[in-house]
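Fold and contact review
Now for the letters of each chain:
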Amino acid sequence: MAEVRKFTKRLSKPGTAAELRQSVSEAVRGSVLLEKTKVVEPLDYENVVLQRKAQIYSDPLRDLLMFPMEDVSISVIGRQQRTVQSTVPEDAQRKAQSLFVKECIKTYHSDWHVVNYKYEEYSGDFRMLPCKSFRPEKIPNHVFEIDEDVEKDEDSSSLCSQKGGIIKQGWLYKANVNSTITVTMKVFKRRYFYLTQLPDGSYILNSYKDEKISKESKGCIFLDACIDVVQCPKMRRYAFELKMLDKYSHYLAAESEQEMEEWLVTLKKIIQINTESLVQERKDTVEAAQDDDSSSQGKSENILESLERSMHPELMKYGRETEQLNKLSRNDGRQNLFSFDAEVQRLDFSGIEPDVKPFEEKCSRRFLVNCHDLTFNLQDPICHRAEGSPTNVEPFFISLALFDVKNNCKISADFHVDLNPPSVREMLLGSSTQAAGDSHPKGTSTNEHLIHGIAESHLRYIKQGVFSVANPHVEIFLVARVEKVLQGSITHCVDPYIKNSDPVKTAQKVHKLAKQVCSRLGQYRMPFAWAARPVFKDSQGTLDLDGKFSPLYKQDSGKLSSEDLLKLLAEFRKPEKTKLQVIPGHLNITIECIPLELSNCVTASYIPIKPFEKGHENITVEVEEFVPEAAKYRYPFTIYKNHLYVYPLHLKYDSQKTFAKARNIVVCMEFKDSDEADAQALKCIYGKPGGPLLTANAYAVVLHHNQSPEFYDEIKIELPIHLHQKHHLLFTFYHVSCEINTKASMKKQDAIETPVGFAWLPLLKDGRIITFEQHLPVSANLPPGYLSSGDTESRKPPSVDVKWVDGSKPLLKIRIHLESTIYTQDLHLHKFFQYCQLVQAGAKEVPGELVKYLKCLHAMEIQVMIQFLPVILTQLFRVLTDVSQEDEVAVNCTMVLLHIVSKCHEEGLDHYLRSFIKYGFRAEKPSTSQAKTTHDILAVAMATVLKQSADFLAINKLLKYSWFFFEALAKSMAMYLLEENKIKLPRVQRFPDSYHHVLHSLLLAIIPHVTIRYSEIPEESRNVNFSLANFLKRCLTFMDRGFIFNLINDYISGFSRKDPKILVEFKFEFLQTICNHEHYIPLNLPMTFARPKLQRVQDFFSFAVERFTSVDVNLEYNLTDEYCRHHFLVGMLLRETALALQDNYDIRLTAITVLKNLLIKHAFDNRYQHKNQQAKIAQLYLPLVALLLENIQRVAGRDTLYSCTAVSNSASRDEFLHNFTSPSNRSSLIVEKDTGYGTALPNGHSMKREDSKGSLSSEGATSSPDQYNTGENSRRSSTRSNVSHHSRLDQYEIRSLLMCYLYVIKMVSEDTLLTYWNKISPQELINVLVLLEVCLFHFRYAGKRNIARVHDAWLSKPVGVDRKSQTMPALRSRAGLMQARLQHLSSLESSFTLNHNAGTSEADIVHQALLEGNTATEVSLTVLDTISVFTQCFKNQLLNNDGHNPLMKKVFDIHLAFLKNGQSEVALKHVFASLRAFISKFSSAFFKGRVTMCAALCYEVLKCCTSKLASTRNEASALLYLLMRNNFEFTKRKTFLRTHLQIIIAVSQLIADVALNGGSRFQESLFIINNFANSDRPMKICFVPGNCFPLRSQRFDQENPYRAYGYCSNERTRKGP
């Protein structure tokens, strides 16, 4: 890292940016000379916007140029709390004295401060956009011929589903006519006939083998050629004859006389209609001839005007067609092409981070425990009324708690329940505590004490508790301990319940004794029994709702502790191993799921939870959970809670000699704040049911005659907000006299309790609360000031005379557990806050002392760190800002922040950090005007840490978790601008130059860690790359945008063109993040930038001489330095994409995906949906078109780029357009597979002659298209080249690039397109057309069956099989067609977007076909739009040399490509409309000179005449007729011989190619053509209608479907046109 230091040493000196960049370059690259990305300095954005302010404000699309007002704001969000009132006491802030407690309290009741970015939902990937209309509500279902069922041949169904539909149907016998057989010997065959009306109004009679019309027709008779129908009984019974025009007859016979009569009536009616129409036609012909004679004397008639005079409605409609009407028709119901893209349809949200939520109480698995009753078998109706039901004979008390056997611990506080009926509770009224606490057992007094707004009496007898478990599993038990009033030994008390030979007498006896005991010893408890039940069925938290409690087991006096109970529970599932004594009885306590709307619930501190009804008595309480120590179960505290749980465990009094009588020992605990003689205990101990909620003392259970008793009691204390050294726990031990019957005891009621010792424990030690197990000595007396006697650290002799029991041995064992959100037990955290409080109080800072405490924070416990996360982070940021004069403090503070952040990530709790940054973090305001801001100091500290070459561990952590620090910087900057009102200042004045330099230094410190150490620390490098991009994206909202552009430029310039794949991925991830800025479009300034004067003059003379239309010399359409400077971000992205396209497959794919996703985002951004806005956005990406043109051979492949000869770049447009070679051959730019790119000509083209019949095809390429790459290191030094030095692109890459291209040409305005086309070179103009043709090919629709086959093949083939992206060449044989089909299937694979991980259903395949069909249709319409504009713009050039020029050839190839690639029914309608306009506009190309175009069109249109789609056949027939009609008009109504002959040739070729299937469909099409001729008045002028197209004079049948056309051809040849 010595070289890195070379540039880091000078980072603190301003004004050295150029030298720093040079240093970075040297440090990053060392002595290795690598090819660098060309750096283009961005424009000074703020200065440009200021200078062009008038231009921007006057622009109607200024929303695309300006950042919106009030883009950033701060909102204060009230802290959401689930309780009715705040958990923080009202006077907490005033009472608190410790800094840590103050900060905790401040945190728990402060509101959230959030920086809102108004358009933030537009600042991510397109999937984050607020619009949800990525997928159309209803996807159109397009009809494709390829999807038509093979079995359901359209030959017949098309004829039976036309205009008039089926007129009549039924069985007839048809004569098999043969000239060699006499009439009487004719053989009849039974056939099913359909009489149908065709679209043109004519009628046809079709015959089939049966009623099913799904099969091929056996014959058809066109009735417009029928002149009469007569009966012929001599031929056969019920026979009749159809007489045709050419003295030919058809013989048919019915099965009955009635059927024959019906057929005759119907047929005669049709003949009459035909005759009337024929007479009218002849009349109209004569009138038309007269009209024509008069009109022909004037100007010659346009063909459209001529069609207007046609009698045929279709021809009249075509006569009214215009380019504008066609365009409007195409625009109707258009779809967004990206809607059907695989990425959009998939809508994968996995990469999108979930919404950051504020801190909230963690919701563990919660359940409701409902206590119903406890009954023993020993019962008696103790109520003296006759109707009194039996009850327990004495009061019992239950405490419930959860125990975790697996982890050997108690995991909840005790839930105390009193289920005694009122009659039994009355037995306790005599006891002092009960009488004091329950003076109003029924109802409430007017002056009753309220706890948090709830009457205390409503909280005394709660029977429902809500338990929660963070880590549920099957070994968690709910344990119920049953206690009773102290009476004697456990065995003695249990015996009557087990051995009751006379239940009634025993019950009465026990009850009588219990009344005496309760009146005297009612406040003392003794253990009696216990029971348990499992809670969960599994570790997922499924409640065991059907489970029940175990029998009630007698409590063993020697096994009282929690440890003993856990051992018993461990054997609970093995009853054979346990010999527990069962007390007959029943405990009815159920576990239930929490209702969705649980009302009238209070927290463990009795604070009501929403919703809560005042005055409601049936209240539920939450029982506190003791969360496991593991960090994953911990969460940041959000509420105030301050509970201390004390557990007296054991008193060892068996060897003491101080007290003579100490057997029935009870422990009484008090919480005091003074050790003076008259000091009163604080009322802060939670009481038991029936008594006051908060009491001054608590008693543990009593074991009869036990001098070394164990205890299991839990005493819960509400700690005060401020604790001092005098706060302590005082334990008083009493001997309780259990004697009842003696008269002496009755006289000495005051002698129930006899003190037998005292013990105390100060709560604080070194300022922290003492917890865990403690062993305390016991004193025989309690002198004033007794706390000082326990000060072992003091060397002064104790001034208090304390008499210790048993030589001050530790006789009492207790355990303390703290559940507090304002006190910490962590020593390092406590000392840190303690020192900060001293400094705040004005104490003199000791140099290095704060750094010492900061370093100690690294030893802080992880669970403490998580629980107090907002408090700790806030204090660290405050220290970072306040103590700014010491760099060491700032760095160490940053290191502690880094430690906390890394620990949170390691525990998977980083979402808490995100919550803190978004909601909790507030930048500290500088204490003085000279003090630095949080973002300034933090940025300096980050740069300092990154330059420390010694501590690589810290550097790596900072890189890995840099997002936290960058987010903190961004929020601090935002709050600084908004709170100081600097947001209204010009951007250049918002932040000082020193901060600009700090950010630049930070960027330079990061670069080498990304570009050098990427292989050593890939994850860290990727993270900091992404975090830096997000930060700079935010800075574009706050700061001088030109400065941020320079930072982006510096960072990108750190990468090289020869970087490995991982660094290229980093670069594009960085660019993608930056380009996802919500105001990306204004950042690119989509406006006109005037060029320098000299360049404008050169541009004008170079292009204006070539055309007469206006030249927009300012149109930026190439990736020039000026373009990249003016439109910085899009220029950088396109330039990097251009470089990536010269690289290997993975890198190319990365670049293309970034670009496509960005364009998808533009297309769906609901802020920019107006067509003018989209046009302006698309214009930004015009250089993408140029980029595709440079890579045209890799996109199009073999036999696609048509060019006549090698044309130099200096050749003029006219020279190019006139330079046309022999029509029999055409040359093509090709990519030679073996030599790389063939023989290079001087202009960079490689030439190959191809047969004139060749059609659009592509060279096969594998899924790893680098197979033919001549070398990774042979990259081009320039992105501008006619021939790429890399392999063909993969199918997916091509489709993605073409989709981007289609978006640009579809959205950009026509004026921009025309300007662009007039600027580019002639060869590029040809290549523009090639791209359109390639679009049609790559987005062609393959059909549902092929999609399913591709899917099956994909599932069956092994991983790694190369994908082919071959295209379909023109083949003239069955084998060739099969091969083409296979290639076609393989090329589909990359476009297939189904889920391959599982079997695909039929519905998925149908949906996929729907997407593919819509994509193909939208692509076709977009290409039609573009080619329509093109033909209008270049009409003169296209007509050069009578239309026989390369440009016209290419335009015509595109039109043919529509027909070759199988369009949808909707698309074909528009294609035929465009073809009609094309033929009309460029007639000379078809009817003058070479016949190439006419022949090719006839061939393709005739193929369409056999289509299974009736609409396609009708359109094709009309086009074929109009072609002849145009030919006729072109020859000034002399002949259409050229078209006629080409049709004949085409039919022959179709038969030879086995492409003319569907004979009757073809016959129908010919008949439609004939009807057009009969209905076309101008045609009748020259020809007799009956002889114009003598198609109806021939018999059409299955055996020879083409005989009719052959006859027609012969007739036409004989008679002449």
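Residues numbered from 1 in each chain as written. Predicted model: local features only at pLDDT ≥ 70, side-chain atom pairs only at ≥ 80, totals over all residues. Heavy atoms only, no water.

1. Description of the sheet that holds strand β34 (residues 753-762)
Here is the rule: What makes two strands pair is DSSP finding at least two bridges between them. Helix and strand assignments come from DSSP, with helices taken as H or I runs of at least 4 residues and strands as E runs of at least 2, each series counted from the N terminus. Angles shown run from 0 to 180 degrees and are taken between the N-to-C directions of axes, each axis being a line fitted to C-alpha atoms and, for helices, limited to the stretch in contact.
Taken in spatial order, the 4 strands line up as β31-β28-β33-β34 in an open sheet, and their pairing is antiparallel. The open sheet is flanked by β31 (697-699) and β34, the only strands paired with a single partner. Ignoring which end each strand starts from, the neighbouring axes of this sheet average 20° apart. Judged from the 8 bridges that link them, strand β28 (residues 665-672) and strand β33 (residues 728-736) form a sheet pairing that is antiparallel.

2. A few points about the nonpolar core
Counted only if it meets this: Only buried residues count toward a nonpolar core. Its members are Ala, Val, Leu, Ile, Met, Phe, Trp, Tyr and Cys residues joined through side-chain atoms within 4.5 Å. For every residue, the accessible area obtained with a 1.4 Å probe (protein chains only) is divided by the maximum for its type, and the residue is called buried under 20%, exposed over 50%, and partly exposed between those limits. Note on contacts: a residue pair qualifies if any of its non-hydrogen atoms lie within 4.5 Å across the two residues.
Counting residues in each nonpolar core, the largest one holds 309 residues, and the members touching the most others are Ile717, Phe731, Ile1048 and Tyr1181. Per-element tally for this core: the top contributor is helix α27 (residues 962-979), with 12 residues. With sequence-adjacent residues up to four places away left out, Ile717 is seen in contact with Asn642, His643, Leu644, Val646, Met669, Phe671, Cys684, Ile685, Tyr686 and Leu729.

3. Considerations on the packing of aromatic side chains
We count it as follows: Aromatic pairing here means that ring centres of Phe, Tyr or Trp (its six-membered ring) are within 6.5 Å. Orientation follows from the plane angle: under 30 degrees is stacked, over 60 is edge-to-face, and everything else is tilted. Over a ring means this: the NZ of a Lys or the CZ of an Arg is within 6 Å of the ring centre and within 35 degrees of the ring normal.
Scanning the entire structure with this criterion turns up 53 aromatic pairs. Relative to Phe833, the ring of Phe832 has its centre 5.6 Å away and its plane inclined at 80°; by these criteria the two rings are edge-to-face. On the basis of relative accessibility, which here comes to 0%, the residue Phe832 falls in the buried class. One aromatic cluster is present, formed by Phe877, Phe916, Phe921, Trp963, Phe964 and Phe965 through successive ring pairs. Here Arg79 stacks its cationic end above the ring of Trp112, 4.0 Å away from the centre of that ring.

4. So, the side chain of Glu46
Selection criterion: A 3.5 Å cut-off defines polar contacts: any pair of N or O atoms within that distance qualifies, except that in protein one atom must be a possible hydrogen donor and the other a possible acceptor, and neighbouring residues in sequence count only when both atoms are side-chain atoms.
Mapped onto the secondary structure, Glu46 falls in helix α3 (residues 45-51). The class of Glu46 is buried, set by a relative accessible area of 13%. Here the side chain of Glu46 touches Arg1041 through a polar contact of 2.8 Å, side chain to side chain. In this view, Glu46 contacts Arg987, Val988, Met1039, Asp1040, Arg1041 and Gly1042; residues no more than four positions away in its chain are not counted.

5. Observations regarding the environment of Phe1043
With respect to the element layout, Phe1043 can be found in helix α30 (residues 1041-1052). A C-alpha to C-alpha distance of 8.4 Å links Phe1043 and Tyr45, two positions 998 residues apart in sequence.

6. Overview of the pattern of salt bridges
The following threshold applies: Salt bridges are defined by distance alone: a side-chain nitrogen of Lys or Arg within 4 Å of a carboxyl oxygen of Asp or Glu.
Enumeration over the complete set of coordinates arrives at 49 salt bridges. The salt bridge partner of Arg82 is Glu361, with a shortest N-O separation of 2.9 Å. On the criterion of sequence distance, the pair formed by Arg82 in the loop between β1 (72-77) and α5 (92-95) and Glu361 in the loop between α12 (342-346) and β10 (365-376) is long-range, its members being 279 residues apart. Between Arg425 and Asp418 there is a salt bridge whose closest N-O contact spans 3.6 Å. The network of salt bridges with shared partners includes Arg330, Arg334, Lys1306, Glu1418 and Asp1425.

7. Digging into α27
The test is simple: Expected helix span is given by 1.5 Å per residue-to-residue step, counting one fewer step than there are residues.
When the terminal C-alpha atoms of α27 are compared, their 26 Å separation across 18 residues agrees well with the 26 Å that a helix rising 1.5 Å per residue should span. Buried residues dominate α27, accounting for 15 of its 18 residues. Just beyond α27, the residue with positive phi is Asn981, at close to 60°.

8. Observations regarding the confidence of the model for the chain
The condition is simple: As a per-residue measure, pLDDT tells how confident the predictor is, with possible values from 0 to 100.
For the chain, per-residue confidence averages 79 on the pLDDT scale, and residues scoring 70 or more make up 76% of the total. Per-element confidence in the chain is highest for strand β32 (residues 715-718), whose mean pLDDT is 97, and lowest for strand β40 (residues 1225-1229), whose mean pLDDT is 33. Note on residues 1-14: pLDDT is under 50 here. Beyond four places in sequence and across chains, it has 27 contacts. Confidence over residues 27-34 falls short of pLDDT 50; this stretch has 20 contacts with residues more than four positions distant or in other chains.

9. Some words on the packing of helix α23 (residues 887-906) against helix α25 (residues 934-947)
Definition in use: Roughly parallel means an angle under 35 degrees; roughly antiparallel means over 145; roughly perpendicular covers 65 to 115; every other angle is labelled oblique. Residues are grouped as follows: nonpolar covers Ala, Val, Leu, Ile, Met, Phe, Trp, Tyr, Cys and Pro; charged covers Asp, Glu, Lys and Arg; every other residue, Gly included, is treated as polar.
Here α23 crosses α25 at 80°, and the two axes come no closer than 9 Å. Taken together, the axes of α23 and α25 are roughly perpendicular relative to one another. Of α25, the residues touching α23 (which contributes Ala890, Val891, Thr894 and Met895) are Ile937, Leu938, Ala941, Thr944 and Val945. Class assignment for the residues of the contact of α23 with α25 results in 7 nonpolar, 2 polar and no charged.

10. Description of α30
Here α30 contains 12 residues, and its C-alpha end-to-end distance of 16 Å stays within 8% of the 16 Å for a straight helix at 1.5 Å per residue. Counting buried residues along α30, 11 of its 12 residues qualify, which places the element largely inside the surrounding structure. Listing the buried residues of α30 in full gives Arg1041, Gly1042, Phe1043, Ile1044, Phe1045, Leu1047, Ile1048, Asn1049, Asp1050, Tyr1051 and Ile1052. The residue sitting at the N-terminus of α30 and contributing the capping side-chain oxygen is Asp1040; that oxygen lies 2.9 Å from the backbone nitrogen of Gly1042.

11. What about unusual backbone geometry?
A cis amide bond, omega -10°, links Lys610 with the succeeding residue Pro611. If you trace the backbone, Pro611 turns up in the loop between β25 (608-609) and β26 (620-622). Here the phi dihedral of Asn408 falls at roughly 55°; this positive angle occurs in a residue that is not glycine. Exposure remark for Asn408: the relative accessible area of 52% places this residue in the exposed category.

12. Points about the sheet that holds strand β24 (residues 601-602)
Spatial strand order, β23-β10-β18-β26-β24-β25: 6 strands in an open sheet with mixed pairing. Strand pairing shows two members of the sheet lacking a second neighbour, β23 (585-592) and β25, which therefore form its edges.

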